[in-house]
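Now for the letters of each chain:
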Amino acid sequence: MTADHSDLVGRARAILADLVAFDTTSEKSNLGLIDYVADLLSESGISHRRVHDETQRKANLFATVGPNVAGGIVLSGHTDVVPVEDQAWTSDPFTLTERRGRFFGRGTCDMKGFLALALAAVPDMVRANPSVPIHLAFSYDEEIGCIGVRPMIDAIIRDLPRPRAVIVGEPTSMKVVNAHKGSRRFVTRVTGYAAHSSQSHKGANAIAAAAKLIGFLEDEQAKRTASAPPPESTRFTPPYTTIEVGTIDGGTAANIIPRSCRFEWEYRMLPDESPETIIEAFRAYAEDHVLPPLQERHADCAIDTKELAFAPPFRTNPESDAESLAFMLAGTNETEAVSFATEAGLFEAADIPTVVCGPGHITEAHKPDEFIDRGQLEAGAAFMARLIALVEAR
């Protein structure tokens, strides 16, 4: 069968408008969007399964078009988006707005554009009567640590015949990505001892201790930057593991020695660097160099670091045919590596061959006036058409 790309783009645009209208910021429920997706699938006679979180306020959804046999292709994407607060949007972020061939709205690029294309293609998938299945796998809470996809992967392994490959549709400009950095995120809480600021010998300054810890992270970053290979010799930009402190909060008033300070930080490690290296060095530095002076002032002083999220590094298994499949669907024969993390590493860790390929430019994600352009939707529609032709019953 030959798909009508313009018709598919038109359907995807209408669905994208509906998806954007659901405020699925990670802190909120995604059930309204999941109900909407379920209704769309029902219109084509496709049933679905949900995997809820413990609160029952969020759910993953996966569905199958075609026979329940091995060798299917999974189209995977997340339904949550990042916040819009403190961003200067020129239009309502939850109303799809078209200007000069660009579709603006939160999540258009990351990654409701891909979800819209997959859903728009479902009627064509059904008409193709595929000989192998196409699975849809939509997750929650990717943006805060790839949380939702984990129980969904467990359900896929338990309930579905083994898929041939997973296509994670993150925005790659429709290029085939076969490697990305991993990400670990932490919160560190320093507990000092409060006293009058004129009596510094009686207090233990939590902010000063936190500053030493942050300085250690800066030094670790400087080492990696200085020892990085030349940019032309690696596929990653930047070509080293990155360490970043994102938030900090502490103290009560300028004339009180601060009792507490907390900061959130992350690192994004290259695939060949152990995910444990930095956190182990950080904990050792805190224990050996920062905590003892605090506890000399007061025994209750403490440093506590808790992991908030972990997305493992990703490399496509070279023994699978996931890359060659993606080349055929995307119309390319080249691969790339990216520095942002995705759910792909978790699929690959579960021994499900995976690649990352989807519409939109990552440079437009997470920012005010996020958009996806029509050309990317058209390229995504061509991808879906090739997929349908591949699995169509002969």
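Since the structure is predicted, the reported quantities are computational estimates derived from the model, not experimental observations.

Section: the overall build of the protein chain
A count of helical and extended segments in the protein chain gives nine helices and 16 strands. Against the compact-globule benchmark of 21 Å for 394 residues, the protein chain has a radius of gyration of 23 Å, which places it among compact chains. Its C-alpha atoms put the protein chain at 80 × 45 × 40 Å along the principal axes. Buried positions account for 52% of the 394 residues belonging to the protein chain. A separation of at least 24 residues holds for 80% of the contacts in the protein chain among residues at least 6 apart in sequence.

Considerations on the sheet that holds strand β11 (residues 260-268)
Ordered in space as β10-β11-β9-β12, the four strands form an open sheet in which the pairing is antiparallel. At either margin of the open sheet sits one strand with a lone partner, and together these are β10 (242-250) and β12 (302-311). Ignoring strand direction, the axes of neighbouring strands in this sheet form an average angle of 15°. Relative to β11, strand β9 (residues 183-191) runs antiparallel, the two sharing eight bridges.

Quick look at the sheet that holds strand β5 (residues 102-104)
Pairing within the open sheet is antiparallel, and its three strands lie in the order β4-β5-β16. Strands at the two margins of the open sheet, each flanked by one partner only, are β4 (97-99) and β16 (371-373). Here the strands of the sheet are splayed against their neighbours by 25° on average, with no regard to which way each runs. Where β5 meets β16, three bridges bridge the pair, whose relative direction is antiparallel. In the sheet register, arginine 102 faces β16, and the bridge partner there is aspartate 373.

Details of the nonpolar core
By size, the foremost hydrophobic cluster in this structure holds 55 residues, and its most contacted members are Leu19, Val37, Leu41, Leu75 and Met384. Looking at which element gives the most residues to this core, the answer is helix α3 (residues 108-127), with eleven residues. In this structure valine 37 touches Leu19, Leu61, Leu119 and Phe138, once residues within four positions along its chain are discounted. One finds Phe186, Ala204, Cys261 and Ala286 within the second-largest nonpolar core, a separate group that totals 25 residues.

Points about the pattern of salt bridges
For the structure on display, the rule yields 20 salt bridges. For arginine 184, the salt bridge goes to glutamate 276, with nearest N and O atoms at 3.1 Å. Of this pair, arginine 184 sits in strand β9 while glutamate 276 sits in the loop between β11 and α6 (277-297); the two residues are 92 residues apart in sequence, bridging distant segments of the chain. Assessed through its relative accessible area of 36%, glutamate 276 is described here as partly exposed. Salt bridges here are not isolated pairs; linked through shared partners, they connect Asp7, Arg11, Asp124 and Arg127.

A word on the layout of surface pockets
Quantified by volume, the largest pocket comes out at close to 670 Å³. As for the largest pocket, its lining consists of 27 residues, of which Val82, Glu143, Ile144, Arg185 and His366 are closest to the centre. Going through the elements one at a time, β9, β11 and β12 are the ones with two or more residues in the lining of the largest pocket. No other element matches β12, which puts three residues into the lining of the largest pocket. The class makeup of the residues in the lining of the largest pocket is twelve nonpolar, six polar and nine charged. Roughly 200 Å³ of internal volume is contained in the second largest pocket. Taken together, Ser200, Gly203, Ala204, Asn205, Ala208, Ala209, Lys212, Ile257, Val290, Pro293, Leu294 and Arg297 form the lining of the second largest pocket. Listing elements by their share of the lining of the second largest pocket, those giving two or more residues are α5 (206-226) and α6.

A look at the pairing of strand β7 (residues 165-168)
Of the two faces of β7, both are covered, the one formed by Ala165 and Ile167 as well as the one formed by Val166 and Val168. Across three bridges, β7 lies against strand β15 (residues 354-356) in parallel orientation. Counted as the bridge partner of valine 166 is threonine 354 from β15.

Some words on unusual backbone geometry
Residue methionine 111 is reached from aspartate 110 by a cis peptide bond, and omega for that bond is -10°. Assignment of secondary structure puts methionine 111 in helix α3. In this structure, the amide linkage connecting threonine 237 to the following residue, proline 238, adopts the cis form with an omega of -5°. Relative to the helices and strands, proline 238 is located in the loop between α5 and β10. Unusually for a residue other than glycine, methionine 174 sits at a positive phi of about 60°. Its place among the elements puts methionine 174 in the loop between β7 and β8 (176-180). One non-glycine residue, aspartate 351, lies in positive phi territory at about 65°.

Some words on the packing of α5 against α6
It is at 10 Å that the axes of α5 and α6 come closest, and there the two elements cross at 145°. Crossing of α5 against α6: the hand is right-handed. Contacts from Ala209, Lys212, Leu213, Phe216, Leu217 and Arg224 in α5 reach Thr277, Ile278, Ala281, Phe282, Tyr285, Ala286, Val290 and Leu294 in α6. When grouped by side-chain class, the residues that make up the contact of α5 with α6 number eleven nonpolar, one polar and two charged.

Cut-off values and rules
- Residues numbered from 1 in each chain as written.
- Predicted model: local features only at pLDDT ≥ 70, side-chain atom pairs only at ≥ 80, totals over all residues.
- Heavy atoms only, no water.
- Helix = DSSP H or I, 4+ residues; strand = E, 2+ residues; numbered from the N terminus.
- Rg over C-alpha atoms; globule rule 2.2 N^0.38 Å.
- Buried < 20%, exposed > 50% of the residue type's maximum accessible area, 1.4 Å probe, protein only.
- Contact = heavy atoms within 4.5 Å.
- Pairing = 2+ DSSP bridges.
- Axes fitted to C-alpha atoms, helices over the stretch in contact; angles between N-to-C directions.
- Core = buried A, V, L, I, M, F, W, Y, C linked by side-chain atoms within 4.5 Å.
- Salt bridge = Lys/Arg side-chain N within 4 Å of Asp/Glu carboxyl O.
- 1 Å grid on protein atoms, 1.4 Å probe; cavity = no way out; pocket = protein on both sides within 12 Å on 5 of 7 lines; lining within 4 Å.
- Points joined across faces, edges and corners; volume = space filled by probe spheres on them.
- Nonpolar A, V, L, I, M, F, W, Y, C, P; charged D, E, K, R; others polar.
- Left-handed = near helix turned anticlockwise from the far one by under 90°.

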